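Structure at a glance
Single-letter residue listing:
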Amino acid sequence: MKVIQYCLMMLGVVFSNLLLAHVGEHPNESDVIYTIKAKKVDGHFLMERDGKVFIQQKDGKVVSSALQDFSFETQIPLSQKIAYLKQINNQNNSLKNKSVKEEKPNYQYLYLIMILLFLVLLTSKKSVEGVFLLGSVLVFFYACKTTNVEPVTNATPVLAKTDPSFVEKVFAPYKSEVKTRYDDTYFYVETEGIPQTHNMMIGITSWQQQVPIPQGYVGTNAWSIPLKPEFSTSPLSLKSNFMKGAVAIAPNGIPIFNPLNNRGEDAFVIGELDQWGGHCGRADDYHYHIAPLHFETTAGNNPIAMALDGFAIYGSKEPDGTATKTLDEYHGHNYNNTYHYHAETKYPYFMAAMRGKVSLDPTTPAPENQILPQAKSAGVRPALTALKGASITNFKSTGSNAYSLEYTVDGKKAFVNYTWDNTNVYTFTFVGIDGVSTTTKYVKK
Ligand SMILES: [Zn+2]
Ligand SMILES: [Zn+2]
């Protein structure tokens, strides 16, 4: 009977250790009043899955919605919570993988010890108690060993200097509209700021009445991409930073801005963008606000953009053509002594935070801070306001340095026809829905 007692004791020791190894901590959540699509929800953050945030209400009911549906003030703490939980989960996964690897040989030893003990037991009946005591102690130590897992640290790789020929490849398909050069510090991208290989403006349903004109991102006003990227010790989130200026440059030299405006609104979701993810700013400067994934067709396995912290932005594939690997909370990962982001069709579209160090313009506080160096856009007329109910239905070139934009309001067509000459005189003709036309000339300084 003593044999059975000791066997039970040994099993008890093993299981108590295994159980202890899996006790985890969960952060305490207190109730908060969230505003989801202008509706108040009193509850606490439960989890995030497939881009949806789940809130458990006081009555126990669970509601879910996309992060961008929440009011801007709660988006930041929520995204921090999500990032924190992802980090914890990644650590747990690494710990699990590691302990699984170590448990296997330990169980083999365990079985061996049990067999040996059994053999000893059969041959020498006198020392039964001593053998089992020794066995229990040995098993206890092996079980303990499986729980002593070292903490996993994310090894920071030494970042290699970016080879300018690598960045060259990103802009190579658009050589006819983009000029590039580099020095030891930066890779420079020169462009006039009007895409030549795709149309613009069509599809916008929330329009500020701006149209694309040349910007002169050339010479000392070229875009600058750092060639010696460095990791930031506190990556700045795009939810609360960089709402002014570009955060990345597309292969055709067109700047890419933050997907969110300073009210936390997603430019794509609220209809401000055309079919190519772009629109014009207050200086009639054309830029994208989401990842221009349409460049994947010409990029091959090269990046679809370069971020202004010096890291590349890839589309849906890795540089070797395989599917995108697991991404971190910044929407990127380490790769061959460097780091890169990946783009997708939904928020955050590309980097969620700037993983690399960036210099900030001291004159523009967050969230309207901007990365330096930054090319300047150059307008020719005062900025206009939103035109309610207008949808842009057509945009076409009507000659050299001449465009016609067609929009509809209440089913009636209207136009902005404009042209410029080589003395920088811009002529705008506005044809209203009533058919009345007015012409204004502006001179670009
Ligand atoms: Zn914009
Ligand atoms: Zn990747």
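Read on for an overview of the structure. (Residues numbered from 1 in each chain as written. Chains lettered and ligands numbered in written order. Predicted model: local features only at pLDDT ≥ 70, side-chain atom pairs only at ≥ 80, totals over all residues. Heavy atoms only, no water.)

This part is about the coordination of the zinc ion (ligand 2). At this site the zinc ion (ligand 2) is bound by Glu-318 (OE), Glu-318 (OE), His-333 (NE2), His-340 (NE2) and His-342 (NE2), with donor distances of 1.9 to 2.6 Å. Site description for the zinc ion (ligand 2): donor spacing in sequence, E-x14-H-x6-H-x1-H. In this pair, Glu-318 sits in the loop between β14 (312-314) and β15 (332-335) while His-340 sits in strand β16 (residues 338-342), placing the two residues 22 residues apart along the sequence. Of the two residues examined, Glu-318 and His-340, each falls in the buried class. (Donors = N, O, S within 2.8 Å, 3.2 Å for Na, K, Ca; no water. Helix = DSSP H or I, 4+ residues; strand = E, 2+ residues; numbered from the N terminus. Buried < 20%, exposed > 50% of the residue type's maximum accessible area, 1.4 Å probe, protein only.)

Among the 8 residues that make up strand β21 (residues 402-409), 8 are buried, leaving the element largely enclosed by the rest of the structure. Side-chain alternation along β21 places Ala-402, Ser-404, Glu-406 and Thr-408 on one buried face and Tyr-403, Leu-405, Tyr-407 and Val-409 on a second face that is also buried. As paired elements, strand β20 (residues 391-399) and β21 share 7 bridges and run antiparallel to each other. From the neighbouring strand, Gly-399 faces β21, where its bridge partner is Ala-402. Where β21 meets strand β22 (residues 412-420), 8 bridges bridge the pair, whose relative direction is antiparallel. By the bridge assignment for β22, Tyr-407 is matched with Ala-414. A loop of 2 residues connects β21 with β22, the two strands running antiparallel in sequence, and Asp-410 in this loop sits at a positive phi of about 50°. (Pairing = 2+ DSSP bridges.)

Take the environment of Pro-173 next. With respect to the helices and strands, Pro-173 occurs in the loop between α4 (164-171) and β5 (179-182). Sequence-wise, Pro-173 and Phe-295 are 122 residues apart; in three dimensions their C-alpha atoms are separated by 9.6 Å.

To continue, consider the nonpolar core. Phe-171, Met-201, Trp-207, Ile-313 and Met-351 are the most contacted members of the largest nonpolar core, which has 79 residues in total. Here Trp-207 is in contact with Met-201, Thr-385, Ala-386, Leu-387, Ala-390, Ile-392, Leu-405, Tyr-407 and Val-416, once residues within four sequence places are set aside. Residues Tyr-34, Val-41, Phe-45 and Ile-55 belong to the second largest nonpolar core, which totals 9 residues. (Core = buried A, V, L, I, M, F, W, Y, C linked by side-chain atoms within 4.5 Å. Contact = heavy atoms within 4.5 Å.)

Donor atoms from the polypeptide that bind the zinc ion (ligand 1) are His-279 (NE2), His-287 (NE2) and His-289 (NE2), placed at 2.0 Å. Between consecutive donor residues of the zinc ion (ligand 1), the sequence gaps follow H-x7-H-x1-H. Taken together, the residues His-279 in strand β11 (residues 278-280) and His-289 in the loop between β12 (286-288) and α5 (296-299) connect sequence positions 10 residues apart. Judged by relative accessible area, which is 11%, His-289 ranks as buried.

The strand order across the open sheet formed by 3 strands is β5-β6-β7, and the pairing between neighbours is antiparallel. Both outer strands of the open sheet, β5 and β7 (223-226), are each paired with one neighbouring strand and no more. Shown here is a sheet whose adjacent strand axes are inclined to one another by a mean of 20°, direction ignored. With 4 bridges connecting them, β5 and strand β6 (residues 186-190) associate as antiparallel partners. By the bridge assignment, Arg-181 is partnered in β6 with Tyr-188. (Axes fitted to C-alpha atoms, helices over the stretch in contact; angles between N-to-C directions.)

To continue, consider the side chain of Arg-381. Along the chain, Arg-381 falls in the loop between β19 (371-372) and β20. Of the polar contacts made by the side chain of Arg-381, one reaches the side chain of Asp-284; its length is 2.7 Å. (Polar contact = N/O pair within 3.5 Å; in protein donor to acceptor, adjacent residues only side chain to side chain.)

One pass over the structure, following the stated rule, counts 9 salt bridges. Salt-bridge contacts for Glu-168 lead to Lys-175; the nearest nitrogen and oxygen are separated by 3.4 Å. Judged by relative accessible area, which is 24%, Glu-168 ranks as partly exposed. Given a relative accessible area of 45%, Lys-175 falls into the partly exposed group. A salt bridge links Glu-406 to Lys-413; its shortest N-O distance comes to 3.8 Å. For Glu-406, a relative accessible area of 13% gives the class buried. Beyond isolated ion pairs, a larger network of salt bridges with shared partners links Lys-161, Asp-184 and Lys-228. (Salt bridge = Lys/Arg side-chain N within 4 Å of Asp/Glu carboxyl O.)

On to unusual backbone geometry. Only a minority of non-glycine residues have a phi that is not negative, and only a minority of peptide bonds are not trans. In this model, Ala-366 is joined to Pro-367 through a cis peptide bond whose omega is 5°. Mapped onto the elements of the fold, Pro-367 is located in the loop between β18 (359-360) and β19. Residue Pro-373 is bonded to the preceding Leu-372 through a cis peptide linkage, with omega at -5°. On the secondary structure map, Pro-373 appears in the loop between β19 and β20. Although it is not a glycine, Phe-242 adopts a positive phi angle of roughly 60°. Considering the arrangement of structural elements, one finds Phe-242 in the loop between β8 (231-237) and β9 (246-249). One non-glycine residue, His-331, lies in positive phi territory at about 75°. Along the polypeptide, His-331 turns up in the loop between β14 and β15.

On to the sheet that holds β22, then. In a beta sheet, neighbouring strands are held together by backbone hydrogen bonds and run either parallel or antiparallel to one another. Strand order in the open sheet made by the 5 strands is β20-β21-β22-β23-β24, with antiparallel pairing throughout. Two strands in the sheet have a free side with no partner beyond their single neighbour: β20 and β24 (437-443). Averaged over neighbouring strand pairs, the angle between their axes works out to 15° when direction is ignored.

On to the packing of aromatic side chains, then. Overall, the coordinates contain 23 aromatic pairs when judged by the stated rule. Judged by centre distance (5.6 Å) and plane angle (20°), the rings of Trp-420 and Tyr-426 are stacked. The buried category is assigned to Tyr-426, whose relative accessible area is 1%. Their ring planes at 80° and their centres at 5.7 Å tell us that Phe-428 and Tyr-442 sit as a pair that is edge-to-face. Separated by 14 residues along the polypeptide, Phe-428 in strand β23 (residues 425-431) and Tyr-442 in strand β24 bring together distant segments of the chain. Judged by its relative accessible area of 0%, Phe-428 falls in the buried class. An aromatic cluster of at least three residues, connected via ring pairs, comprises Phe-395, Tyr-403, Tyr-418, Trp-420, Tyr-426, Phe-428, Phe-430 and Tyr-442. Between the NZ or CZ atom of Arg-355 and the centre of the ring of Tyr-339, over which it lies, the distance is 5.8 Å. (Phe/Tyr/Trp six-rings, centres within 6.5 Å; stacked < 30°, edge-to-face > 60°. Lys NZ or Arg CZ within 6 Å of the ring centre and 35° of its normal.)

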